[in-house]
Amino acid sequence: MSELEAHGSADQSGPDETDHRLERRYERLLALFPAGHRAEYGDEMLGVLLTAARPGQRFPGLRETADLVGCAVWMRLGGRGGGVADGRRAGAAAVYGLLAALAMVVFPLRDIGSELLWSWRMWGEQLAYSPGVWASLAAWSVAAAAAFTRFRAVAALAAWAGALYQVARMARAYFESPGYLVQSWWVAVFAVSAALALTARGSARGQSVLGTRRTAVVAVAAATLTVVPTAEMLLATIEPRPDGFGSSHAWGGISVDGMFGSYSVEGVISMVVDPLCVLALLACLSGMASGIRRRLAAMVMPTLAVAATVPPLFNGFLMSTVRFDPPVLLSAGEWLYLVGLPLVTFLLGALLVERAERHAYLIGLGRAAEREARLRQAEPSA
Amino acid sequence: MGEPAFLILTALAAEPKHGYAVIEDVREISEGRVRLHTGTLYSVLDRLREGGLIAVDREEIVRSRLRRYYRLTGAGQQRLAEESERLRRNADAAAARLAALRFLPGTGAA
């Protein structure tokens, strides 16, 4: 019997045949590896280590220990080797970072395009935007463009610059208009989540994870969403009056409140095209691998939680603060909610993703073991 | 491609193998010269999986512990063939130069 066969018959043996102390020592060494790598290969590596152990061995060998520590440190420092294990997280971060950065470009552009055309058609002059608005737009444009490339640092730095501008703008306005901070808190959470995702994506690129067809859908939807308000304004009937005021009527005879942002004229074009674009994006993302989809949901959850709960919960604050001069500021409990909610929601999402995947993995293993047992049972009778 | 990755692909070219069998086969292929340690093995396996050169063939539970068999993919076969060809060309070139060196006067080799 060869060495391999001898090991094969008793290999990856259970705790009944292996020194528990050696197993525990190997487990401690394996704990040095990043969680993703451990989850993917930990059990398998332990099996190989115990199989390769000499009979009666109580301590990990010096070379084996050096190799394990060296590989773990290398991976912790960002070295290659944790790819498949961490691939889903990096892939989801790349997709989320790309989409969020695009959203941070598209939505301001919708407002700016529509407002510039409105002022030009109404008064024959252009609105002036502060340099900060253009700088923020430029930062997010660089982040979105770099998100398509492997220039991770450029994308992350530009996104952080855009996110910090958003936070600084809110902080500056806080003492005069705390309502603005509360109402735009979800934008800050979204911007920070985009910057975090573009930092955590590693070398993954959103379009590689999305694939060509989905990337094309995202690009077309983003471009369409950008130009819809401008097209709406271009086709609208604008009637300026000599007193400086005027009225506008959307093309098609229907004027509605904006569903995806608020801009000057919203009519039938916005009502049809905007939801179609959002539906196309959702359909596109719903077809992705479940591991990526779950993580995308966990990443967007903090923004959705803030957007859904802050307006109703802070309605009283928003109504009352404007009645006082100086305005009433947020209490410690309200701050705790604003800061804590995104963090708790994200951690909860990450926990649910991990639990769901562990559950699915264990079910898969159980089924495989059941299949194997059935095959073994069937063998003697065959 | 580094030597461990090349030898692992070579080991998997014969048939799907689990981790320990790969270590043993690599030792045999390299005539005992290369002894892969577990940390290195799984870091290379992960990289090869990520690159699509190998894939998980099947999984088993052996005495409450996971045992995974890896196999070479089509891309892996092609990459291994290309790498073998590259090494062969380099080896041929080196052999030809060494053969020519033996006949040069003053080298002391002839």
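(A) Structural view of the overall build of chain A. Secondary structure summary: chain A contains 15 helices and 2 strands in total. Here the contacts in chain A between residues at least 6 apart in sequence split such that 72% fall between residues at least 24 apart.

(B) Expanded view of the overall build of chain B. The helix and strand inventory of chain B stands at 4 helices and 3 strands. Secondary structure elements of chain B, listed N to C terminal, follow the sequence α-β-α-α-β-β-α. Counting over 110 residues, chain B shows a buried share of 35%. In chain B, 40% of the contacts between residues at least 6 apart in sequence involve partners at least 24 apart.

(C) Summary view of the packing of helix α4 (residues 62-76) of chain A against helix α3 (residues 38-50) of chain B. Two elements in contact, α4(A) and α3(B), have axes whose closest approach is 7 Å; the angle formed by their N-to-C orientations is 35°. Contacts from E64(A), D67(A), L68(A), G70(A), C71(A), A72(A) and M75(A) in α4(A) reach T38(B), G39(B), T40(B) and S43(B) in α3(B). Grouping the constituent residues of the contact of α4(A) with α3(B) by class yields 4 nonpolar, 5 polar and 2 charged.

(D) Inspection of the sheet that holds strand β1 (residues 17-18) of chain B at higher detail. Residues and elements named next belong to chain B. With antiparallel pairing, 3 strands are arranged side by side in an open sheet as β1-β3-β2. Of all the strands in the sheet, the pair left with one neighbour each is β1 and β2 (54-62). Two strands pair when backbone bridges link them, and β2 and strand β3 (residues 65-72) are joined in this way by 8 bridges, in the antiparallel orientation. Following the sheet pairing, R58 is matched in β3 by Y69. Helix-sheet contacts for helix α1 (residues 3-14) involve β1, β2 and β3, and the interaxial angle to β3 is about 90°.

(E) Structural view of unusual backbone geometry. Even without being glycine, E31(B) reaches a positive phi, approximately 55°. The topology assignment puts E31(B) in the loop between α2 (19-29) and α3.

(F) Spotlight on α4(A). Taking 1.5 Å as the rise per residue, α4(A) with 15 residues should run 21 Å; its terminal C-alpha atoms sit 21 Å apart, in good agreement. Taken together, the buried positions of α4(A) are D67(A), L68(A), C71(A), A72(A) and M75(A). Each buried residue of α4(A) sits inside an arc of 125° when the element is viewed along its axis, so together they form one side. Of the exposed residues in α4(A), those oriented more than 90 degrees away from the buried face are L62(A), R63(A) and V73(A). Residues of α4(A) that are buried make contact with α2 (20-30) and α3 (35-52) of chain A together with α3 of chain B.

(G) Inspection of the nonpolar core at higher detail. Counting residues in each nonpolar core, the largest one holds 59 residues, and the members touching the most others are A101(A), A143(A), A159(A), A194(A) and L198(A). Aside from chain neighbours lying at most four places away, what touches A101(A) is W140(A), A143(A), A144(A), A147(A), A159(A), A194(A) and L198(A).

(H) Just the confidence of the model for chain B, in detail. Residue and element names in this part refer to chain B. Taken as a whole, chain B shows an average pLDDT of 87; of its residues, 93% reach a score of 70 or greater. Of all secondary-structure elements in chain B, the lowest mean pLDDT belongs to β2, at 86, while β1 reaches the highest, 93. Here the predicted complex carries an ipTM of 0.85, next to a pTM of 0.63.

So, how was this worked out
- Residues numbered from 1 in each chain as written.
- Chains lettered and ligands numbered in written order.
- Predicted model: local features only at pLDDT ≥ 70, side-chain atom pairs only at ≥ 80, totals over all residues.
- Helix = DSSP H or I, 4+ residues; strand = E, 2+ residues; numbered from the N terminus.
- Contact = placed C-beta atoms within 7 Å.
- Buried ≥ 20, exposed ≤ 12 C-beta atoms within 10 Å, placed from the backbone.
- Axes fitted to C-alpha atoms, helices over the stretch in contact; angles between N-to-C directions.
- Nonpolar A, V, L, I, M, F, W, Y, C, P; charged D, E, K, R; others polar.
- Pairing = 2+ DSSP bridges.
- Expected span 1.5 Å × (residues − 1).
- Arc of directions from axis to C-beta.
- Core = buried A, V, L, I, M, F, W, Y, C linked by C-beta atoms within 7 Å.
- pLDDT = per-residue confidence, 0-100.

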